[in-house]
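Read off the chains here:
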Amino acid sequence: MEFSIKQTSPEKARSACVVLGVYEGGILTPSAQVFDKSAAHQLSKLITRGDLTGKTGSTVMLHNLSKIESERVLLVGLGKQDELNAKQFLDIVRATFAALHKTICKDATLFLTDLTVQDRDETWKINQIVLLAAESIYRTDSLKSKPADKPALRKIVLGCTKKPGNSAQTAVIQASAIAHGMKLAKDLGNLPGNICTPTYLAEQAQKMAESHKLRATILEEKDMEKLGMHSLLSVTRGSRQPAKLITLEYRGGEKKQKPVVLVGKGLTFDSGGISLKPGGEMDEMKYDMCGAASVLGTMLAIAEMKLPINVVAVIPSSENMPDGAASKPGDIVTSMAGLTIEILNTDAEGRLILCDALTYAARFEPDTVVDIATLTGACVIALGGVASGLFSNQEQLARDLLAAGDYANDKAWQLPLWEEYQSQLDSNFADLQNIGGRAAGSVTAACFLSRFTKDYRWAHLDIAGTAWKSGKDKGSTGRPVPLLAQYLINRCAK
Ligand code: BES
Ligand code: MN
Ligand code: ZN
(Lines give C-alpha, C1' and ligand atoms only; values in the text may rest on other atoms or scores of the structure.)
(Ligands and ions follow the chains in the order given, each with its own letter.)
Protein backbone atom coordinates (compact mmCIF):
# COMPACT_ATOMS: atom_id res chain seq x y z
CA MET A 1 0.00 0.00 0.00
CA GLU A 2 1.18 3.48 -0.86
CA PHE A 3 0.77 6.46 1.45
CA SER A 4 1.22 10.18 1.00
CA ILE A 5 0.18 13.35 2.76
CA LYS A 6 -0.65 16.57 0.98
CA GLN A 7 -2.67 19.74 1.01
CA THR A 8 -5.85 19.42 -1.04
CA SER A 9 -9.38 20.68 -1.00
CA PRO A 10 -11.87 17.87 -0.42
CA GLU A 11 -14.20 18.95 -3.22
CA LYS A 12 -11.29 19.09 -5.70
CA ALA A 13 -9.55 15.89 -4.70
CA ARG A 14 -9.51 13.54 -7.70
CA SER A 15 -9.99 10.30 -5.94
CA ALA A 16 -12.18 7.19 -6.05
CA CYS A 17 -13.37 8.18 -2.61
CA VAL A 18 -13.05 11.14 -0.28
CA VAL A 19 -13.50 10.40 3.42
CA LEU A 20 -14.98 13.10 5.65
CA GLY A 21 -16.02 13.18 9.27
CA VAL A 22 -19.31 14.11 10.92
CA TYR A 23 -19.67 14.59 14.69
CA GLU A 24 -22.72 13.55 16.63
CA GLY A 25 -25.57 16.02 16.24
CA GLY A 26 -24.68 16.37 12.56
CA ILE A 27 -21.75 18.74 13.06
CA LEU A 28 -19.47 18.70 10.03
CA THR A 29 -15.67 18.92 10.37
CA PRO A 30 -14.10 22.00 8.74
CA SER A 31 -13.14 19.96 5.64
CA ALA A 32 -16.64 18.51 5.45
CA GLN A 33 -18.10 22.03 5.66
CA VAL A 34 -15.98 23.22 2.73
CA PHE A 35 -17.05 20.15 0.79
CA ASP A 36 -20.72 20.66 1.70
CA LYS A 37 -20.67 24.22 0.41
CA SER A 38 -19.30 23.15 -2.97
CA ALA A 39 -21.77 20.28 -3.14
CA ALA A 40 -24.80 22.55 -2.81
CA HIS A 41 -25.31 21.49 0.82
CA GLN A 42 -26.12 17.91 -0.03
CA LEU A 43 -24.50 16.76 3.24
CA SER A 44 -26.52 19.23 5.32
CA LYS A 45 -29.67 17.93 3.68
CA LEU A 46 -28.84 14.36 4.70
CA ILE A 47 -28.30 15.55 8.26
CA THR A 48 -31.61 17.39 8.36
CA ARG A 49 -33.35 14.31 7.04
CA GLY A 50 -31.74 12.25 9.81
CA ASP A 51 -29.71 9.94 7.56
CA LEU A 52 -26.45 10.98 9.18
CA THR A 53 -26.22 10.71 12.95
CA GLY A 54 -22.48 11.00 13.48
CA LYS A 55 -22.40 8.02 15.84
CA THR A 56 -18.80 6.80 16.29
CA GLY A 57 -17.78 4.53 13.44
CA SER A 58 -21.10 4.72 11.54
CA THR A 59 -20.62 5.19 7.79
CA VAL A 60 -22.65 6.45 4.84
CA MET A 61 -21.38 6.14 1.27
CA LEU A 62 -22.57 8.65 -1.35
CA HIS A 63 -21.95 8.44 -5.09
CA ASN A 64 -21.58 11.00 -7.87
CA LEU A 65 -22.35 14.18 -5.99
CA SER A 66 -22.68 17.14 -8.31
CA LYS A 67 -19.84 19.72 -8.47
CA ILE A 68 -17.47 17.28 -6.80
CA GLU A 69 -14.34 15.76 -8.38
CA SER A 70 -14.28 12.45 -6.53
CA GLU A 71 -16.53 9.56 -7.53
CA ARG A 72 -17.63 8.84 -3.99
CA VAL A 73 -17.68 10.35 -0.57
CA LEU A 74 -17.60 8.28 2.58
CA LEU A 75 -19.01 10.03 5.63
CA VAL A 76 -17.74 8.64 8.92
CA GLY A 77 -19.34 9.26 12.30
CA LEU A 78 -16.90 10.76 14.84
CA GLY A 79 -19.05 10.66 17.99
CA LYS A 80 -19.26 13.62 20.37
CA GLN A 81 -16.88 16.39 19.33
CA ASP A 82 -15.42 17.05 22.79
CA GLU A 83 -15.02 13.35 23.56
CA LEU A 84 -12.83 12.26 20.65
CA ASN A 85 -10.09 10.27 22.36
CA ALA A 86 -7.41 7.90 21.10
CA LYS A 87 -9.55 4.77 21.29
CA GLN A 88 -12.45 6.41 19.46
CA PHE A 89 -10.13 7.69 16.76
CA LEU A 90 -8.86 4.12 16.21
CA ASP A 91 -12.46 2.85 15.99
CA ILE A 92 -13.25 5.56 13.44
CA VAL A 93 -10.24 4.68 11.30
CA ARG A 94 -11.04 0.96 11.48
CA ALA A 95 -14.63 1.63 10.39
CA THR A 96 -13.32 3.76 7.53
CA PHE A 97 -11.18 0.98 6.10
CA ALA A 98 -13.90 -1.63 6.62
CA ALA A 99 -16.26 0.55 4.56
CA LEU A 100 -13.64 1.26 1.88
CA HIS A 101 -12.92 -2.45 1.45
CA LYS A 102 -16.58 -3.07 0.65
CA THR A 103 -16.11 -0.95 -2.49
CA ILE A 104 -13.94 -1.33 -5.57
CA CYS A 105 -12.05 1.88 -4.78
CA LYS A 106 -8.37 1.66 -5.69
CA ASP A 107 -7.50 4.86 -3.87
CA ALA A 108 -8.96 7.13 -1.24
CA THR A 109 -8.29 10.56 0.20
CA LEU A 110 -8.86 10.74 3.95
CA PHE A 111 -9.55 13.99 5.76
CA LEU A 112 -8.99 12.60 9.22
CA THR A 113 -5.56 13.92 10.23
CA ASP A 114 -7.04 17.36 10.97
CA LEU A 115 -9.27 16.00 13.74
CA THR A 116 -8.47 17.05 17.28
CA VAL A 117 -7.82 13.93 19.34
CA GLN A 118 -7.37 14.21 23.11
CA ASP A 119 -3.69 14.03 24.16
CA ARG A 120 -2.46 12.96 20.71
CA ASP A 121 -0.44 14.83 18.12
CA GLU A 122 -0.43 14.81 14.35
CA THR A 123 2.40 12.27 14.08
CA TRP A 124 0.35 9.86 16.16
CA LYS A 125 -2.74 10.23 13.97
CA ILE A 126 -0.70 9.67 10.82
CA ASN A 127 0.99 6.65 12.39
CA GLN A 128 -2.25 5.02 13.40
CA ILE A 129 -3.99 5.60 10.09
CA VAL A 130 -1.09 4.05 8.19
CA LEU A 131 -0.82 1.07 10.56
CA LEU A 132 -4.56 0.40 10.56
CA ALA A 133 -4.68 0.64 6.77
CA ALA A 134 -1.90 -1.93 6.53
CA GLU A 135 -3.64 -4.10 9.13
CA SER A 136 -6.88 -3.95 7.15
CA ILE A 137 -5.31 -5.44 4.02
CA TYR A 138 -3.27 -8.11 5.80
CA ARG A 139 -4.13 -11.67 4.73
CA THR A 140 -3.17 -15.07 6.16
CA ASP A 141 -4.19 -17.22 3.19
CA SER A 142 -0.94 -17.30 1.21
CA LEU A 143 -0.69 -21.08 1.74
CA LYS A 144 -4.25 -21.80 0.58
CA SER A 145 -4.42 -23.28 -2.91
CA LYS A 146 -6.77 -20.45 -3.90
CA PRO A 147 -5.99 -17.33 -1.87
CA ALA A 148 -8.82 -14.78 -1.82
CA ASP A 149 -8.62 -11.81 -4.17
CA LYS A 150 -6.35 -9.03 -2.99
CA PRO A 151 -8.15 -5.90 -1.73
CA ALA A 152 -8.61 -3.24 -4.42
CA LEU A 153 -7.45 -0.36 -2.23
CA ARG A 154 -3.83 0.48 -3.08
CA LYS A 155 -3.24 4.13 -2.45
CA ILE A 156 -4.09 6.31 0.53
CA VAL A 157 -3.75 10.06 0.46
CA LEU A 158 -3.94 11.89 3.78
CA GLY A 159 -5.60 15.13 2.82
CA CYS A 160 -4.86 18.29 4.83
CA THR A 161 -6.36 21.73 4.68
CA LYS A 162 -2.98 23.25 5.58
CA LYS A 163 0.35 22.42 3.95
CA PRO A 164 1.80 19.48 5.89
CA GLY A 165 5.16 20.16 7.53
CA ASN A 166 8.33 18.07 7.46
CA SER A 167 7.33 16.22 10.60
CA ALA A 168 4.13 15.03 8.92
CA GLN A 169 6.06 13.81 5.87
CA THR A 170 8.54 12.02 8.13
CA ALA A 171 5.66 10.48 10.05
CA VAL A 172 4.25 8.96 6.86
CA ILE A 173 7.64 7.48 5.90
CA GLN A 174 8.25 6.14 9.41
CA ALA A 175 4.77 4.70 9.77
CA SER A 176 5.07 2.90 6.41
CA ALA A 177 8.40 1.46 7.56
CA ILE A 178 6.81 0.25 10.80
CA ALA A 179 3.94 -1.25 8.80
CA HIS A 180 6.47 -3.16 6.67
CA GLY A 181 8.23 -4.38 9.81
CA MET A 182 4.93 -5.54 11.30
CA LYS A 183 4.02 -7.34 8.10
CA LEU A 184 7.32 -9.21 8.14
CA ALA A 185 6.84 -10.11 11.80
CA LYS A 186 3.30 -11.35 11.11
CA ASP A 187 4.27 -13.34 8.04
CA LEU A 188 7.10 -15.10 9.87
CA GLY A 189 4.89 -15.75 12.90
CA ASN A 190 2.05 -17.20 10.86
CA LEU A 191 4.26 -19.58 8.88
CA PRO A 192 4.01 -23.16 10.13
CA GLY A 193 6.88 -24.81 11.97
CA ASN A 194 7.67 -27.10 9.06
CA ILE A 195 8.48 -24.09 6.87
CA CYS A 196 9.71 -21.54 9.38
CA THR A 197 12.64 -23.47 10.88
CA PRO A 198 15.78 -21.98 12.44
CA THR A 199 17.44 -22.37 9.02
CA TYR A 200 14.57 -20.46 7.39
CA LEU A 201 14.86 -17.62 9.90
CA ALA A 202 18.61 -17.45 9.26
CA GLU A 203 17.97 -17.24 5.51
CA GLN A 204 15.46 -14.43 6.01
CA ALA A 205 18.00 -12.51 8.07
CA GLN A 206 20.62 -12.99 5.35
CA LYS A 207 18.19 -11.80 2.68
CA MET A 208 17.40 -8.70 4.69
CA ALA A 209 21.10 -8.06 5.15
CA GLU A 210 21.61 -8.13 1.39
CA SER A 211 18.65 -5.94 0.49
CA HIS A 212 19.10 -3.40 3.29
CA LYS A 213 22.86 -3.23 3.78
CA LEU A 214 22.99 -4.89 7.17
CA ARG A 215 25.55 -7.38 8.35
CA ALA A 216 24.33 -10.90 9.04
CA THR A 217 26.32 -13.57 10.85
CA ILE A 218 24.99 -17.05 11.43
CA LEU A 219 26.58 -19.23 14.09
CA GLU A 220 26.17 -22.99 13.70
CA GLU A 221 25.94 -25.54 16.50
CA LYS A 222 29.68 -26.26 16.32
CA ASP A 223 30.39 -22.54 16.78
CA MET A 224 28.07 -22.45 19.79
CA GLU A 225 29.85 -25.48 21.17
CA LYS A 226 33.15 -23.60 21.03
CA LEU A 227 31.58 -20.62 22.79
CA GLY A 228 30.31 -22.90 25.55
CA MET A 229 26.62 -22.28 24.88
CA HIS A 230 25.58 -25.57 26.44
CA SER A 231 22.34 -24.16 27.79
CA LEU A 232 21.16 -23.13 24.31
CA LEU A 233 22.41 -26.40 22.85
CA SER A 234 20.55 -28.44 25.47
CA VAL A 235 17.25 -27.20 24.00
CA THR A 236 17.97 -28.30 20.44
CA ARG A 237 19.24 -31.79 21.34
CA GLY A 238 15.90 -33.45 20.60
CA SER A 239 15.40 -31.74 17.23
CA ARG A 240 16.31 -32.80 13.70
CA GLN A 241 16.61 -29.13 12.75
CA PRO A 242 19.99 -27.50 13.41
CA ALA A 243 19.90 -24.56 15.81
CA LYS A 244 21.18 -21.17 14.63
CA LEU A 245 22.38 -18.09 16.40
CA ILE A 246 21.58 -15.22 14.08
CA THR A 247 23.04 -11.74 14.40
CA LEU A 248 22.13 -8.78 12.24
CA GLU A 249 23.92 -5.46 12.62
CA TYR A 250 22.52 -2.12 11.56
CA ARG A 251 25.00 0.72 11.85
CA GLY A 252 23.18 3.98 11.22
CA GLY A 253 24.84 5.89 14.05
CA GLU A 254 28.36 7.12 14.67
CA LYS A 255 31.02 4.47 14.85
CA LYS A 256 31.71 4.94 18.54
CA GLN A 257 28.04 5.02 19.55
CA LYS A 258 27.27 1.93 21.63
CA PRO A 259 24.49 -0.14 20.12
CA VAL A 260 21.10 -1.19 21.39
CA VAL A 261 21.01 -4.98 21.24
CA LEU A 262 17.64 -6.64 20.63
CA VAL A 263 17.52 -10.31 21.58
CA GLY A 264 14.55 -12.27 20.21
CA LYS A 265 13.43 -15.75 21.27
CA GLY A 266 13.30 -17.83 18.09
CA LEU A 267 11.74 -21.14 19.12
CA THR A 268 10.28 -22.21 15.78
CA PHE A 269 8.28 -24.92 17.51
CA ASP A 270 7.93 -25.57 21.23
CA SER A 271 6.47 -28.99 21.94
CA GLY A 272 7.70 -28.74 25.52
CA GLY A 273 10.32 -31.46 24.88
CA ILE A 274 10.28 -34.41 27.31
CA SER A 275 8.05 -32.27 29.58
CA LEU A 276 5.62 -32.51 26.67
CA LYS A 277 2.83 -29.97 26.44
CA PRO A 278 -0.81 -31.13 26.34
CA GLY A 279 -2.17 -31.50 22.80
CA GLY A 280 -4.84 -28.80 22.82
CA GLU A 281 -3.75 -25.73 20.87
CA MET A 282 -0.20 -27.03 20.63
CA ASP A 283 -0.15 -25.77 17.03
CA GLU A 284 0.10 -22.26 18.50
CA MET A 285 3.61 -23.05 19.66
CA LYS A 286 4.70 -22.29 16.08
CA TYR A 287 4.37 -18.71 17.36
CA ASP A 288 7.14 -19.27 19.89
CA MET A 289 9.51 -17.45 17.52
CA CYS A 290 7.50 -14.21 17.59
CA GLY A 291 10.18 -12.49 19.67
CA ALA A 292 12.65 -13.22 16.88
CA ALA A 293 10.10 -12.12 14.27
CA SER A 294 9.52 -8.81 16.07
CA VAL A 295 13.26 -8.20 16.20
CA LEU A 296 13.60 -8.86 12.46
CA GLY A 297 10.58 -6.65 11.80
CA THR A 298 12.09 -3.86 13.86
CA MET A 299 15.42 -4.17 12.03
CA LEU A 300 13.59 -3.85 8.71
CA ALA A 301 11.67 -0.82 9.96
CA ILE A 302 14.72 1.07 11.24
CA ALA A 303 16.72 0.22 8.12
CA GLU A 304 13.91 1.64 5.97
CA MET A 305 13.68 4.72 8.18
CA LYS A 306 17.47 5.07 8.08
CA LEU A 307 17.51 5.94 11.78
CA PRO A 308 20.80 7.41 12.98
CA ILE A 309 21.43 4.71 15.56
CA ASN A 310 23.36 1.46 15.95
CA VAL A 311 21.22 -1.61 16.60
CA VAL A 312 22.23 -5.26 16.74
CA ALA A 313 19.77 -8.15 16.59
CA VAL A 314 20.72 -11.39 18.31
CA ILE A 315 18.38 -14.30 17.65
CA PRO A 316 18.86 -17.71 19.23
CA SER A 317 16.73 -20.10 17.20
CA SER A 318 15.89 -23.75 17.67
CA GLU A 319 13.08 -26.24 18.07
CA ASN A 320 12.16 -27.88 21.37
CA MET A 321 11.29 -31.54 20.67
CA PRO A 322 11.08 -34.84 22.57
CA ASP A 323 13.52 -37.49 21.38
CA GLY A 324 15.98 -40.06 22.70
CA ALA A 325 18.67 -37.42 22.64
CA ALA A 326 16.53 -34.68 24.19
CA SER A 327 17.36 -33.10 27.53
CA LYS A 328 15.61 -34.74 30.48
CA PRO A 329 14.21 -33.24 33.68
CA GLY A 330 17.05 -33.23 36.17
CA ASP A 331 19.80 -32.74 33.58
CA ILE A 332 22.41 -30.16 34.53
CA VAL A 333 24.11 -28.00 31.89
CA THR A 334 26.74 -25.26 31.99
CA SER A 335 25.80 -21.97 30.39
CA MET A 336 28.19 -19.77 28.41
CA ALA A 337 28.39 -17.50 31.47
CA GLY A 338 29.67 -20.46 33.49
CA LEU A 339 26.58 -20.79 35.69
CA THR A 340 25.29 -24.35 35.95
CA ILE A 341 21.55 -24.89 35.42
CA GLU A 342 19.36 -27.75 36.58
CA ILE A 343 16.68 -28.32 33.94
CA LEU A 344 13.67 -29.30 36.02
CA ASN A 345 11.21 -28.74 33.19
CA THR A 346 12.29 -28.97 29.56
CA ASP A 347 9.31 -26.76 28.64
CA ALA A 348 10.98 -23.79 30.31
CA GLU A 349 13.33 -23.72 27.31
CA GLY A 350 13.05 -20.06 26.29
CA ARG A 351 15.18 -18.90 29.21
CA LEU A 352 17.71 -21.63 28.38
CA ILE A 353 18.35 -20.33 24.87
CA LEU A 354 18.03 -16.68 25.91
CA CYS A 355 20.58 -16.83 28.72
CA ASP A 356 23.38 -17.80 26.34
CA ALA A 357 22.25 -15.23 23.78
CA LEU A 358 22.22 -12.57 26.51
CA THR A 359 25.76 -13.52 27.54
CA TYR A 360 26.78 -13.37 23.87
CA ALA A 361 25.17 -9.91 23.53
CA ALA A 362 27.86 -8.46 25.81
CA ARG A 363 30.42 -8.70 23.01
CA PHE A 364 28.72 -5.89 21.17
CA GLU A 365 29.47 -3.62 24.16
CA PRO A 366 25.84 -2.59 24.31
CA ASP A 367 24.43 0.60 25.71
CA THR A 368 21.16 -1.24 26.31
CA VAL A 369 19.88 -4.78 25.76
CA VAL A 370 16.19 -5.57 25.32
CA ASP A 371 15.05 -9.16 24.95
CA ILE A 372 11.67 -10.03 23.52
CA ALA A 373 10.19 -13.46 24.18
CA THR A 374 6.98 -15.47 24.27
CA LEU A 375 8.30 -16.66 27.58
CA THR A 376 5.51 -17.66 29.96
CA GLY A 377 1.90 -18.80 29.90
CA ALA A 378 1.68 -17.03 33.27
CA CYS A 379 2.04 -13.69 31.47
CA VAL A 380 -1.06 -14.48 29.40
CA ILE A 381 -2.94 -15.11 32.65
CA ALA A 382 -1.63 -11.90 34.22
CA LEU A 383 -2.06 -9.40 31.39
CA GLY A 384 -4.01 -11.14 28.62
CA GLY A 385 -3.66 -9.79 25.09
CA VAL A 386 -3.64 -6.12 26.05
CA ALA A 387 -0.18 -5.47 27.45
CA SER A 388 3.19 -7.17 27.18
CA GLY A 389 4.97 -7.83 30.48
CA LEU A 390 7.97 -5.59 31.08
CA PHE A 391 10.87 -6.18 33.45
CA SER A 392 14.04 -4.12 33.77
CA ASN A 393 17.12 -3.70 35.90
CA GLN A 394 16.99 0.05 35.27
CA GLU A 395 14.00 2.29 36.00
CA GLN A 396 14.61 4.88 33.31
CA LEU A 397 14.79 2.21 30.62
CA ALA A 398 11.50 0.75 31.89
CA ARG A 399 9.87 4.17 31.75
CA ASP A 400 11.16 4.81 28.22
CA LEU A 401 9.81 1.50 26.96
CA LEU A 402 6.45 2.00 28.69
CA ALA A 403 6.13 5.47 27.19
CA ALA A 404 7.00 4.18 23.71
CA GLY A 405 4.37 1.45 24.05
CA ASP A 406 1.68 3.86 25.25
CA TYR A 407 2.33 6.20 22.36
CA ALA A 408 2.51 3.46 19.75
CA ASN A 409 -0.70 1.79 20.95
CA ASP A 410 1.39 -1.28 21.77
CA LYS A 411 1.24 -1.24 25.52
CA ALA A 412 3.49 -2.87 28.08
CA TRP A 413 3.02 -3.09 31.84
CA GLN A 414 5.85 -3.33 34.31
CA LEU A 415 6.14 -6.27 36.68
CA PRO A 416 8.63 -6.50 39.56
CA LEU A 417 12.09 -8.01 39.48
CA TRP A 418 12.50 -7.84 43.24
CA GLU A 419 15.25 -9.72 45.05
CA GLU A 420 12.60 -11.59 47.10
CA TYR A 421 11.66 -13.69 44.07
CA GLN A 422 15.18 -14.85 43.26
CA SER A 423 15.28 -17.67 45.83
CA GLN A 424 12.55 -19.52 43.91
CA LEU A 425 15.35 -20.50 41.51
CA ASP A 426 17.61 -22.08 44.15
CA SER A 427 18.67 -25.61 43.26
CA ASN A 428 20.18 -28.29 45.48
CA PHE A 429 22.47 -29.44 42.70
CA ALA A 430 23.32 -26.53 40.40
CA ASP A 431 23.82 -22.75 40.56
CA LEU A 432 20.17 -22.30 39.64
CA GLN A 433 17.20 -24.24 38.32
CA ASN A 434 15.15 -23.34 35.28
CA ILE A 435 11.73 -23.11 36.98
CA GLY A 436 10.51 -21.42 40.13
CA GLY A 437 7.16 -23.09 40.78
CA ARG A 438 3.66 -21.95 39.84
CA ALA A 439 3.68 -18.72 41.82
CA ALA A 440 4.72 -15.58 39.90
CA GLY A 441 5.78 -17.61 36.87
CA SER A 442 6.56 -14.60 34.67
CA VAL A 443 8.58 -12.96 37.40
CA THR A 444 10.72 -16.01 38.12
CA ALA A 445 11.37 -16.42 34.38
CA ALA A 446 12.57 -12.81 34.28
CA CYS A 447 14.62 -13.43 37.44
CA PHE A 448 16.32 -16.31 35.66
CA LEU A 449 17.32 -14.00 32.78
CA SER A 450 18.45 -11.29 35.20
CA ARG A 451 21.23 -13.60 36.43
CA PHE A 452 22.83 -13.25 33.00
CA THR A 453 22.35 -9.52 32.41
CA LYS A 454 24.18 -7.95 35.34
CA ASP A 455 26.80 -6.18 33.21
CA TYR A 456 24.51 -3.92 31.22
CA ARG A 457 21.25 -1.98 31.20
CA TRP A 458 18.59 -4.53 30.32
CA ALA A 459 14.87 -4.97 29.84
CA HIS A 460 12.80 -8.04 29.09
CA LEU A 461 9.46 -8.01 27.28
CA ASP A 462 7.27 -11.08 27.80
CA ILE A 463 5.02 -11.09 24.73
CA ALA A 464 3.33 -14.46 25.34
CA GLY A 465 -0.10 -12.79 25.43
CA THR A 466 0.38 -10.08 22.82
CA ALA A 467 2.30 -11.68 19.93
CA TRP A 468 -0.63 -13.56 18.46
CA LYS A 469 -4.36 -14.03 18.75
CA SER A 470 -6.03 -17.40 19.29
CA GLY A 471 -9.43 -18.67 18.22
CA LYS A 472 -11.38 -17.51 15.19
CA ASP A 473 -9.01 -14.61 14.50
CA LYS A 474 -5.93 -16.75 15.02
CA GLY A 475 -2.92 -14.93 13.70
CA SER A 476 0.22 -13.03 14.53
CA THR A 477 -0.22 -9.40 15.65
CA GLY A 478 3.17 -8.00 14.64
CA ARG A 479 3.63 -6.75 18.20
CA PRO A 480 5.81 -5.39 19.71
CA VAL A 481 7.34 -3.93 16.52
CA PRO A 482 5.52 -0.60 17.08
CA LEU A 483 6.80 -0.32 20.66
CA LEU A 484 10.39 -1.19 19.73
CA ALA A 485 10.46 1.07 16.67
CA GLN A 486 9.01 3.95 18.68
CA TYR A 487 11.56 3.41 21.45
CA LEU A 488 14.38 3.64 18.90
CA ILE A 489 12.82 6.69 17.21
CA ASN A 490 12.55 8.39 20.60
CA ARG A 491 16.18 7.58 21.37
CA CYS A 492 17.24 9.29 18.15
CA ALA A 493 15.22 12.38 19.02
CA LYS A 494 17.02 12.76 22.37
N1 BES B 1 6.57 -20.77 24.90
C2 BES B 1 6.10 -21.11 26.19
C3 BES B 1 5.29 -20.00 26.84
C4 BES B 1 3.89 -19.83 26.33
C5 BES B 1 2.90 -20.72 26.69
C6 BES B 1 3.56 -18.75 25.57
C7 BES B 1 1.61 -20.53 26.25
C8 BES B 1 2.27 -18.55 25.15
C9 BES B 1 1.29 -19.44 25.48
C10 BES B 1 7.28 -21.40 27.11
O11 BES B 1 8.36 -22.02 26.51
C12 BES B 1 6.78 -22.32 28.17
O13 BES B 1 6.43 -23.40 27.83
N14 BES B 1 6.76 -21.86 29.41
C15 BES B 1 6.27 -22.63 30.48
C16 BES B 1 7.17 -22.40 31.66
C17 BES B 1 6.89 -23.33 32.81
C18 BES B 1 7.26 -24.74 32.44
C19 BES B 1 7.68 -22.85 34.00
C20 BES B 1 4.85 -22.18 30.79
O21 BES B 1 4.58 -20.99 30.76
O22 BES B 1 4.01 -23.05 31.02
MN1 MN C 1 8.16 -24.11 26.52
ZN1 ZN D 1 8.62 -21.68 24.54
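Residues numbered from 1 in each chain as written. Chains lettered and ligands numbered in written order. Predicted model: local features only at pLDDT ≥ 70, side-chain atom pairs only at ≥ 80, totals over all residues. Heavy atoms only, no water.

### Some words on the sheet that holds strand β13 (residues 331-334)
With mixed pairing, three strands are arranged side by side in an open sheet as β13-β14-β18. Because the sheet does not close on itself, it has two edges, and the strands there are β13 and β18 (432-433). Bridge count between β13 and strand β14 (residues 340-343): four bridges; the pairing is antiparallel. Counted as the bridge partner of isoleucine 332 is glutamate 342 from β14. (Pairing = 2+ DSSP bridges. Helix = DSSP H or I, 4+ residues; strand = E, 2+ residues; numbered from the N terminus.)

### Some remarks on the pattern of salt bridges
Taken as a whole and judged by the stated rule, the model has 24 salt bridges. Glutamate 254 is the partner of lysine 256 in a salt bridge, and the nearest nitrogen-oxygen pair spans 3.1 Å. Across this residue pair, the class does not change: lysine 256 and glutamate 254 are exposed. Of the charged contacts in the structure, one is a salt bridge between lysine 474 and aspartate 283, with a shortest N-O distance of 2.7 Å. With lysine 474 in the loop between β20 (468-469) and β21 (475-476) and aspartate 283 in the loop between β11 (266-270) and α9 (290-305), this pair connects stretches of sequence that are 191 residues apart. Through salt bridges with shared partners, a single ionic network connects Lys87, Asp91 and Arg94. (Salt bridge = Lys/Arg side-chain N within 4 Å of Asp/Glu carboxyl O. Buried < 20%, exposed > 50% of the residue type's maximum accessible area, 1.4 Å probe, protein only.)

### Remarks on the coordination of the zinc ion (ligand 3)
Around the zinc ion (ligand 3), the protein supplies Lys265 (NZ), Asp270 (OD), Asp288 (OD) and Glu349 (OE) as donor atoms, at distances of 2.0 to 2.4 Å. One can describe the site at the zinc ion (ligand 3) as octahedral: its six donor atoms subtend angles covering 78 to 175 degrees at the metal. Each donor residue of the zinc ion (ligand 3) lies on one chain, and together they are spaced K-x4-D-x17-D-x60-E. Between the zinc ion (ligand 3) and the manganese ion (ligand 2) the interatomic distance comes to 3.2 Å, and aspartate 270 is a ligand of both metals. Within this pair, whereas aspartate 270 is found in strand β11, its partner glutamate 349 is found in the loop between β14 and α10 (350-361), the two being separated by 79 residues in sequence. Overall, aspartate 270 belongs to the buried group, its relative accessible area being 3%. (Donors = N, O, S within 2.8 Å, 3.2 Å for Na, K, Ca; no water. Tetrahedral: all angles 85-135°; square planar, octahedral: opposite > 155°, others 65-115°.)

### Quick look at the coordination of the manganese ion (ligand 2)
Distances from the manganese ion (ligand 2) to its protein donors, namely Asp270 (OD), Asp347 (O), Asp347 (OD) and Glu349 (OE), fall within the range 2.0 to 2.2 Å. Each of the six donor atoms bound to the manganese ion (ligand 2) contributes to angles spanning 70 to 166 degrees, and the resulting shape is irregular. Mapping the donors of the manganese ion (ligand 2) onto the primary sequence gives the spacing D-x76-D-x1-E.

### Section: the nonpolar core
Counting 63 residues, the largest nonpolar core has Leu248, Leu262, Met299, Leu461 and Leu488 as its most contacted members. Sort the elements by how many residues they give to this core and α9 lands first, with eleven residues. Discounting chain neighbours no more than four positions away, the residues touching methionine 299 are Met208, Leu248, Glu249, Tyr250, Val311, Val312 and Ala313. Residues Met224, Ala243, Tyr360 and Ala446 belong to the second largest nonpolar core, which totals 45 residues. (Core = buried A, V, L, I, M, F, W, Y, C linked by side-chain atoms within 4.5 Å. Contact = heavy atoms within 4.5 Å.)

### Here we look at the packing of aromatic side chains
Inspection of every chain in the model, using the stated rule, returns five aromatic pairs. Between tryptophan 418 and tyrosine 421 the ring centres are 6.5 Å apart and the planes differ by 15 degrees, which places this aromatic pair in the stacked class. On the accessibility criterion, tryptophan 418 (53% relative accessible area) is exposed. Classification of tyrosine 421 as partly exposed rests on a relative accessible area of 22%. Between phenylalanine 448 and phenylalanine 452, the ring centres sit 5.5 Å apart and the planes meet at 35 degrees, which makes this aromatic pair tilted. Note that arginine 120 overlies the ring of tryptophan 124, its terminal NZ or CZ placed 5.1 Å from the centroid. (Phe/Tyr/Trp six-rings, centres within 6.5 Å; stacked < 30°, edge-to-face > 60°. Lys NZ or Arg CZ within 6 Å of the ring centre and 35° of its normal.)

### Points about the domain arrangement of the protein
On domain assignment, one finds that the protein holds domain 1 (2-161) and domain 2 (177-493). With centres defined by C-alpha atoms, the gap from domain 1 to domain 2 works out at 38 Å. At the interface, 13 residues of domain 1 touch 14 residues of domain 2. For the domain 1 and domain 2 pair, buried surface summed over both sides reaches about 1,100 Å², with 56% attributable to carbon and sulfur atoms. The largest per-residue losses of area from domain 1 upon contact with domain 2 belong to Leu131, Tyr138 and Leu143, which jointly make up 45% of the total buried on that side. The tally of links from domain 1 across to domain 2 stands at one salt bridge. Residue glutamate 135 pairs with lysine 186 through a salt bridge whose shortest N-O separation is 3.1 Å. Where domain 1 touches domain 2, the interface holds six residue pairs in polar contact (both at pLDDT 80 or more). Counting residues per element, the side of domain 1 that touches domain 2 draws most heavily on helix α4 (residues 122-137), at seven residues. Of the residues belonging to the side of domain 1 that touches domain 2, the class tally is six nonpolar, four polar and three charged. (Domains from an automatic or database assignment. Buried area = accessible area lost by both parts, 1.4 Å probe. Polar contact = N/O pair within 3.5 Å; in protein donor to acceptor, adjacent residues only side chain to side chain. Nonpolar A, V, L, I, M, F, W, Y, C, P; charged D, E, K, R; others polar.)

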